[in-house]
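Letter by letter, the chains look like this.
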Amino acid sequence: MVNLWSPMAELKNLYLFSYNSLQFLGWTVALFRILSNFISTESVTGTYASAGELICLLQCCAFLEVVHGAIGIVPSGAVLPLMQWSGRTHFLLAIVRPIVEVQESPSVFITFLAWSLSEVIRYSHYALSCTGNPPYFITYLRYTAFILLYPVGLGPGEMWLMYQALPFIKRKNLYADSLPFSYCNFVKVLLLFYPFLWLNLYLHLFKQRRSKLGKHQKTKTI
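All figures in this text were calculated on a predicted structure; none of them were measured in a lab. (Residues numbered from 1 in each chain as written. Predicted model: local features only at pLDDT ≥ 70, side-chain atom pairs only at ≥ 80, totals over all residues. Heavy atoms only, no water.)

Peer 1: What exactly am I supposed to notice about the overall build of the protein chain here?
Peer 2: The secondary structure content of the protein chain amounts to eight helices and zero strands. What you see for the protein chain is a C-alpha radius of gyration of 19 Å, in line with the 17 Å of a compact globule of 222 residues. The buried share of the protein chain, taken over its 222 residues, is 43%. Excluding contacts between residues fewer than 6 apart, the proportion of contacts in the protein chain whose partners are at least 24 apart in sequence is 75%. When the accessible surface of the protein chain is split by element, carbon and sulfur atoms take 70% of a total near 12,500 Å². Here the protein chain contributes 17 positively and 9 negatively charged side chains, and the mean placements of these two sets differ by 13 Å. (Helix = DSSP H or I, 4+ residues; strand = E, 2+ residues; numbered from the N terminus. Rg over C-alpha atoms; globule rule 2.2 N^0.38 Å. Buried < 20%, exposed > 50% of the residue type's maximum accessible area, 1.4 Å probe, protein only. Contact = heavy atoms within 4.5 Å. Areas by Shrake-Rupley, 256 points an atom, 1.4 Å probe, with all protein chains shown as cover. Lys, Arg positive; Asp, Glu negative; His and termini not counted. Charge placed at Lys NZ, Arg CZ, Asp CG, Glu CD.)

Encoded structure:
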């Protein structure tokens, strides 16, 4: 009987390496554009114009991570990746992209910078994990940098921008033709629940941090 497990495992590993490498490259380009714009203009305005469409594309493609978890080719499951993907995608495609008045907000710069830094670290770690054990400093950054980057991206980033967008959502009567409820009221309610939904993911990352870094420390001791 032919053993198909090894070729299938190699194919899965190659696919995951390719996906994570492409995401790493995409977010690296986004980070470069954000910083280049900031350095050349000495301003946080122009952030969306420099990297917004690329970030929208990368975030849409990240739905594959929900699929990966759902079909079991990664151990993360589908729920937490779906929560993160839904929150970011809603923020980008429902608020930032269609409301040009908020695209020059410092909150866009803060959000995009925090996202780009965290994703460059995360995807480099995932890609290197497909080739064996990544260097410890990459693993350490993966499970440490989020402690600062995630709250910064959430508070002065996503939540503050959604709050700033409320007058424009109300004035434009945004999505009134396609939704059976007030989108403005929906965003207000979402802002109330956002920290609690986010906290679930944040605490999960701390559990992962204890597991991954603790395992590495035990290996070093042995």
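Peer 1: Which parts of the structure should I look at to understand helix H3 (residues 63-71)?
Peer 2: Structurally, the α-helix is built with 3.6 residues per turn, so residues lying three or four positions apart point the same way. Among all positions of H3, only Glu 65, Val 66, His 68 and Gly 69 are buried. An end-on view of H3 places all buried positions within 160 degrees of arc, on one side of the element. In H3, the exposed residues that point more than 90 degrees away from the buried face are Ala 70 and Ile 71. Where H3 terminates, the next one or two residues include Gly 72, which has phi positive at roughly 85 degrees. (Arc of directions from axis to C-beta.)

Peer 1: Where do I start with the environment of Gly 72 in this structure?
Peer 2: As for its placement among the helices and strands, Gly 72 is situated in the loop between H3 and helix H4 (79-96). Classification of Gly 72 as exposed rests on a relative accessible area of 52%. Sequence separation between Gly 72 and Asn 173 is 101 residues; the distance between their C-alpha atoms is 41 Å.

Peer 1: Is there a simple way to explain the packing of aromatic side chains in this structure?
Peer 2: What the rule picks out here adds up to 17 aromatic pairs. Between Phe 91 and Trp 115 the ring centres are 5.7 Å apart and the planes differ by 65 degrees, which places this aromatic pair in the edge-to-face class. Within this pair, whereas Phe 91 is found in helix H4, its partner Trp 115 is found in helix H5 (residues 106-129), the two being separated by 24 residues in sequence. Per residue, the accessibility class of Phe 91 equals that of Trp 115, and both read buried. Joined through ring pairs, the aromatic side chains of Phe 146, Tyr 150, Trp 198, Tyr 202 and Phe 206 make up one cluster. Taking NZ or CZ as reference, Arg 122 lies 4.4 Å from the ring centre of Tyr 123, over its face. Looking at Arg 142, its charged tip hangs above the ring of Tyr 143, at a distance of 4.9 Å from the centre. (Phe/Tyr/Trp six-rings, centres within 6.5 Å; stacked < 30°, edge-to-face > 60°. Lys NZ or Arg CZ within 6 Å of the ring centre and 35° of its normal.)

Peer 1: What exactly am I supposed to notice about the side chain of Thr 111 here?
Peer 2: Within the fold, Thr 111 resides in helix H5. The class of Thr 111 is buried, set by a relative accessible area of 0%. With residues near it in sequence (within four places) discarded, Thr 111 still touches Phe 91, Gly 153, Gly 157 and Glu 158.

Peer 1: For this particular structure, what's the right way to read the packing of H4 against H5?
Peer 2: The relative placement of two packed helices is expressed as an angle between their axes plus a distance between the axes. Their axes nearest at 13 Å, the elements H4 and H5 cross at an angle of 145 degrees. Both H4 and H5 take part in a crossing whose hand is left-handed. Of the residues in H5, those in contact with Arg 88, Phe 91, Leu 92 and Val 96 of H4 are Val 108, Thr 111, Phe 112, Trp 115, Ser 118 and Glu 119. Among the residues forming the contact of H4 with H5, the class breakdown is six nonpolar, two polar and two charged. (Axes fitted to C-alpha atoms, helices over the stretch in contact; angles between N-to-C directions. Left-handed = near helix turned anticlockwise from the far one by under 90°. Nonpolar A, V, L, I, M, F, W, Y, C, P; charged D, E, K, R; others polar.)

Peer 1: What is the right way to look at unusual backbone geometry in this model?
Peer 2: What is expected of a backbone is that most residues other than glycine have negative phi and most peptide bonds are trans. The phi dihedral of Glu 42 falls on the positive side, at around 55 degrees, and the residue is not glycine. With respect to the secondary-structure elements, Glu 42 resides in the loop between helix H1 (5-41) and helix H2 (47-61). You will see that Tyr 175, though not glycine, has its phi angle at about 65 degrees, which is positive. When you line up the elements, Tyr 175 lands in the loop between helix H7 (146-172) and helix H8 (183-221).

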